[in-house]
Structure formats: C-alpha cells, structure tokens
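Overview (structure and organization)
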Amino acid sequence: MANAIRRMAESSSRVVERYLPDAFLFAILLTFVAYGLAFTFVQPQQGYLTHARGLVLDGWYGGFWGLLTFAMQMTLILMTGYALAQTDLVDSVLSRLAAVPSTERRAAAFVPVVAAAASFVHWGLGLVVGAIFARKVAEEMRSIDFPIVVAGAYSGFVVWHGGLAGSIPLVMNSSAENGNFLIARGVLDATIPTGQTIFTVANLALVAVVGFLFLPALYLLMYPDDERKKTTIDPETLDDAQADGGEPAAVTAPSEHATMADRIEHSAAVAWAIGLSGVVAVLLYFAVPLVDDGVMPWNNLGLNVVNFAFLFLGLLLHGTPAAYVEAMKEAVENVWGIILQFPFYAGIMGVMSYAPEGSTSLATQIAQGMVAVAPDGALPAIAFLTAGLVNFFVPSGGGEWAVVGETLVKAAKAGGASVPRIAVAAAWGDAWTNMIQPFWAIPLLAISGLSVRDIMGYCVMVLLGSGAIILVGITVLPM
C-alpha cells in the first residue's frame, strides 16, 4: 500500500510541476474562464454586446473593489498571525517541537499535525507557523525532503474552516449590521451560534480525523524511500525566501544617547500597557455578554475580535513597540501576493455574481444546479461539493458564502435539512479545494522559498483522501 501511495504522489507531483501555472497567472486564467462561462450561461437582456459590456463594467470592474473590507480583514489575519509566530515564546515552542521526531519520515508526518493545530486556532497563524516549522524541521534534519515537508505544512490548512476563525460559521454568528447578509435578506430570522457549527461533534471529529490522523498517516506513506528522489534544501541557503527562517526580528536597543522617542519605541512598559489593554478588552468582550445574557464565548466569536486579540497578544509577547513594528514589516513582505491577487478574485466574484434584471447569476446557477440533482439526504454532500467548486473562482470563505450561501440555506429550509450542517459542509468544501488552489499557499511559499509547483502534487493526494473522509463525516456524524 505504501509503495502504491508513494508512486501516486510522485506521479501527481510530476504532472503538477509540468502544467500548473504561477498563482497570479492562475487567477488571470480563472478570470477569463469565469467571464466565458457567465457570458454563455447568464441570460442577456439587451443583446450580447450590451451583455459583454455589462459583464466587464458591472460584473468584473464593479466587483474588483467590492471586497476591500474583507481583504483588509484577511490581510490583518495573516499579518497578525505572522507577527505572533515571530515572538520568542512561539519560536521557542516550534524549535522544541522540531527536535521531537527521530526520523525523517516521522518528521514529515509531524509537520502537518502542528500546522493543523495552529490552523484550527487561527488560519493565518497556521499558514505562518506551518512554513516556519517546516524550515525548523529541515534545519534539524538537513537530509530531509524539503518540498514534501512544506507540502505537509500547507496541508494542515485543510482544517482551517472548521476552526475558531472559520469565515462561514463566524458570518452566520454575526448580526445583519456586521455582515450576515442572510438575516439582512430575510433568509434567516436569527444568528446561528458557533456552538451549532464549530463546536459540534461532527465538525470537531472531522478536525481530529483529517488533521491528526489522516494527514500524518498519508505523509508517512508518501515520504520517498529512495535518497535519489529527495530534494534536500538547507534553509540557510534559501536566499529567495522573504523571511529569515522564523527567527524573531532583531531590534537594536537604544543607546545612552537615544532620544525620548527612541526610548518609548523600545519600552517594554509601553508594549505591556497597550498589549494588556487590548487583552483586557477582549476578555470584557466575551465576559460581558456571558454575565449579562449567558452567551458563551464561542458563540460570540467574529473576524474582528480574532484580529483584535491576535494583534494585541502579539504586541504583548514581542515586548516592545519597535519589535512588533519589525515583525509586521516582515509580515508585509509575505502577504504581498495576497494583497495583489485579492482584487482579481473580487473581480471574479463580481463576474460570478453578475445578473441583469430577470437573469440568474452564474454562481447561483451552479448552486441551484447542484441542489437540483441532490438525492434525498445528500444536501450536505452537495453543499460541500458546491463550495469546493466555487472556491476555485472565489478562494475566500466569506466571499464564496456570499454568492452561494443564500441558495444553499434556502434549499436546506425547503427540504427540512439542518442549516448549521449545510454551513459546516460548505465551510469544509471551501477549505478542501484550497489544496489545489494556490492562492493561500503564497505566504507559506514566500517564507519557505519554494514555488507552488514544488508542493501541489502532494496536496492533490490530500485532496483525494480528505474529500472522501469529509463527505462521509458531514453526512452521517451527529451535529
């Protein structure tokens, strides 16, 4: 069995290396594909010339800047996650963990476990921690196959949407004023707390099975047994990497001739005062609703509070404002690809959502078509597959939910299915096809110094195996 899986992984890797384009070119190609499909299947109302122009102006250009708020939230998640991973505390923990595996094969199996654990806590933290941990493992074992270790670091990301920062569950737990479009449109009457989505038996079981059983077993089996098939790279020689291998940023202490401003910037007291203020605000954010109305903390999670918490926790653990500034500077270097590509995917989302009066958008047609062919009891599986398909064009959980969520929730209500189960299924579908959608691999690749072609072949194997597990889990496990 091990030999068969290893051969499949090697074949997949060769195909990906030959045919997969760069992540930015991938976004451009998807733009043309989405435009062609929308032009073909969205019913024009005033002739095809007007239809083509409307798709460009109202769809693509109109949507290009439509996700700026969400894009900023996502950028901050990555940056605050990176800065937190750069603290002495987290760096020390990762160094100790990197020394735990006794063999290369065990190390390759251990990396996705660490990445999955971090991704469950915070997806931005997972991407950064996974990349830094892969480099630390390679520093411990210089002869290890580096691409497969980095692939394992990215594979842990497959559990992120079942974690604490999952976009769809957090949107469902938000008010209409804070982005819950389903309540604003009258599709839902009230919020759905995370106790019915993230903290359910089905979701937590999937996180455990996929992240902590399947991934390590798969990478244990995929690891090459022939030294000639390994690609060994010393992390210290990765001159093209945008980060320094995970070492916390060095900040020079002020000299005796430093100005008052310099001393404030390097003051631990200032960092602690600001950091503790933010941490206290987060504690109050959760404590006040708990005391006043009995609302449990996990039912009050949101993207903004997650960002807020990690920002101030990072500042607190870095010790000085200057150290935190340096960490955030490094973070910017590793998220530039996300910043560049997010508007293009927002444009694709605009094309997918474009619908002149009397027409149905391409995204809605996809969701409706998938729902229409769903046999009885299969709607969770259909929601999973629909989200996985749309994720190619809109690799943003919240953005994707905005274009297919209404159709899926209406179908669930009409068919008597569980709306929280459908939301969880869609969340896992979004995370699932990230394994072959290079968008979110950009920060991790920048830190590791590899290209998307180096890792995606192994991620295809993750896609195939995890897909079968998740399909069964979201259908039969109790919520």
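Calculation criteria
- Residues numbered from 1 in each chain as written.
- Predicted model: local features only at pLDDT ≥ 70, side-chain atom pairs only at ≥ 80, totals over all residues.
- Heavy atoms only, no water.
- Helix = DSSP H or I, 4+ residues; strand = E, 2+ residues; numbered from the N terminus.
- Rg over C-alpha atoms; globule rule 2.2 N^0.38 Å.
- Buried < 20%, exposed > 50% of the residue type's maximum accessible area, 1.4 Å probe, protein only.
- Contact = heavy atoms within 4.5 Å.
- Areas by Shrake-Rupley, 256 points an atom, 1.4 Å probe, with all protein chains shown as cover.
- Lys, Arg positive; Asp, Glu negative; His and termini not counted.
- Charge placed at Lys NZ, Arg CZ, Asp CG, Glu CD.
- Expected span 1.5 Å × (residues − 1).
- Core = buried A, V, L, I, M, F, W, Y, C linked by side-chain atoms within 4.5 Å.
- Axes fitted to C-alpha atoms, helices over the stretch in contact; angles between N-to-C directions.
- Parallel < 35°, antiparallel > 145°, perpendicular 65-115°, else oblique.
- Left-handed = near helix turned anticlockwise from the far one by under 90°.
- Salt bridge = Lys/Arg side-chain N within 4 Å of Asp/Glu carboxyl O.
- Phe/Tyr/Trp six-rings, centres within 6.5 Å; stacked < 30°, edge-to-face > 60°.
- pLDDT = per-residue confidence, 0-100.
- Polar contact = N/O pair within 3.5 Å; in protein donor to acceptor, adjacent residues only side chain to side chain.
- Patch = residues over 30% accessible without salt bridge, like charges linked within 9 Å, V, L, I, M, F, W, Y side chains within 5 Å.
- Nonpolar A, V, L, I, M, F, W, Y, C, P; charged D, E, K, R; others polar.

1. Quick look at the overall build of the chain
Within the chain, the regular secondary structure consists of 21 helices and zero strands. In terms of C-alpha radius of gyration, the chain reaches 23 Å, essentially the compact-globule figure of 23 Å for 479 residues. Seen along its three principal axes, the alpha-carbon backbone of the chain occupies a region of about 70 × 60 × 50 Å. In the chain, which comprises 479 residues, the share counted as buried stands at 57%. Contacts in the chain between residues far apart in sequence, at least 24 positions, make up 81% of those at least 6 positions apart. When the accessible surface of the chain is totalled, it reaches about 19500 Å², and 64% of it is carbon and sulfur. Averaging the coordinates of the 21 positive side-chain charges in the chain and doing the same for the 35 negative ones gives two points 9 Å apart.

2. Here's the deal with helix α6 (residues 104-121)
For α6, spanning 18 residues, the distance from its first C-alpha to its last is 27 Å, which sits close to the expected 26 Å at 1.5 Å a residue. Counting buried residues along α6, 13 of its 18 residues qualify, which places the element largely inside the surrounding structure.

3. Looking at the nonpolar core
The biggest cluster of nonpolar side chains holds 144 residues, and the ones touching the most others in it are Trp123, Tyr154, Met352, Trp401 and Trp440. Ranked by residue count, the leading element in this core is helix α15 (residues 321-353), at 13 residues. In this structure, tryptophan 440 is in contact with Met74, Leu78, Trp123, Leu127, Tyr154, Phe157, Ile338, Phe342, Pro395 and Asn434, ignoring residues within four places of it in sequence.

4. Focus on the environment of valine 100
Within the secondary structure layout, valine 100 lies in the loop between α5 (88-98) and α6. Exposure remark for valine 100: the relative accessible area of 54% places this residue in the exposed category. Residues valine 100 and glutamate 140, 40 residues apart in the sequence, show an inter-C-alpha distance of 9.8 Å.

5. Section: the packing of helix α4 (residues 68-85) against helix α7 (residues 123-140)
Between two packed helices, the angle of one axis relative to the other and the distance separating the axes together describe the packing. For the pair α4 and α7, the least separation of the axes is 7 Å and the interaxial angle reads 45 degrees. When the interaxial angle is binned, α4 and α7 end up oblique. Of the two possible hands of crossing, α4 and α7 adopt the one that is right-handed. Residue-level inspection shows Met74, Ile77, Leu78, Gly81, Tyr82, Leu84 and Ala85 of α4 in contact with α7, the latter providing Trp123, Gly124, Leu125, Leu127, Val128, Val129 and Ile132.

6. Here we look at the pattern of salt bridges
One pass over the full model with this rule turns up four salt bridges. The partner of arginine 185 in a salt bridge is glutamate 406, and the shortest N-O contact between them spans 2.6 Å. You can see arginine 185 sitting in the loop between α10 (181-184) and α11 (201-222) and its partner glutamate 406 sitting in helix α18 (residues 397-415), a full 221 residues away along the chain. Under the relative-accessibility criterion, arginine 185 is labelled partly exposed at 48%.

7. As for the packing of aromatic side chains
The tally for this structure, following the rule as stated, stands at 19 aromatic pairs. Taken together through their ring pairs, the aromatic side chains of Trp123, Tyr154, Phe157, Trp160, Phe342, Tyr345, Phe439 and Trp440 make up a single cluster.

8. Some remarks on the side chain of threonine 31
Along the chain, threonine 31 falls in helix α2 (residues 23-41). Given a relative accessible area of 13%, threonine 31 falls into the buried group. Excluding its chain neighbours within four sequence positions, the residues that come into contact with threonine 31 are Trp60, Phe344 and Ile348.

9. Quick look at the confidence of the model for the chain
Put simply, the chain has an average pLDDT of 87, and 94% of its residues get 70 or more. Mean pLDDT across the elements of the chain ranges from a minimum in helix α1 (residues 2-19), with 77, to a maximum in α11, with 97.

10. Topic: helix α8 (residues 146-155)
With 10 of 10 residues buried, α8 lies mostly within the body of the structure. Turning to α8, its buried residues number three or more, namely Phe146, Pro147, Ile148, Val149, Val150, Ala151, Gly152, Ala153, Tyr154 and Ser155. Along its buried surface, α8 packs onto α6, α7, α11, α20 (442-448) and α21 (452-476). Regarding α8, its N-cap is aspartate 145, as a side-chain oxygen of that residue lies 3.4 Å from the backbone nitrogen of isoleucine 148 further along.

11. Remarks on the environment of glycine 62
One can find glycine 62 in helix α3 (residues 48-64). Note on glycine 62: relative accessible area 48%, which makes it partly exposed.

12. Quick word on a nonpolar patch on the surface
Taken together, the side chains of Val56, Leu57, Trp60, Tyr61, Trp65 and Leu68 make up a nonpolar region of the molecular surface, amounting to roughly 610 Å² of accessible area. Counting residues per element, the nonpolar patch draws most heavily on α3, at four residues.

13. Re the packing of α6 against α7
Packing of α6 against α7 leaves a shortest axis separation of 7 Å and a crossing angle of 155 degrees. Classed by the angle they form, the pair α6 and α7 counts as roughly antiparallel. Seen from above, α6 lies across α7 with right-handed handedness. Counting all contacts with α6, which are made through Ala107, Phe110, Val111, Val114, Ala115, Ala118 and Ser119, the residues of α7 involved are Trp123, Leu125, Gly126, Leu127, Val129, Gly130, Phe133 and Val137. Of the residues belonging to the contact of α6 with α7, the class tally is 12 nonpolar, three polar and no charged.

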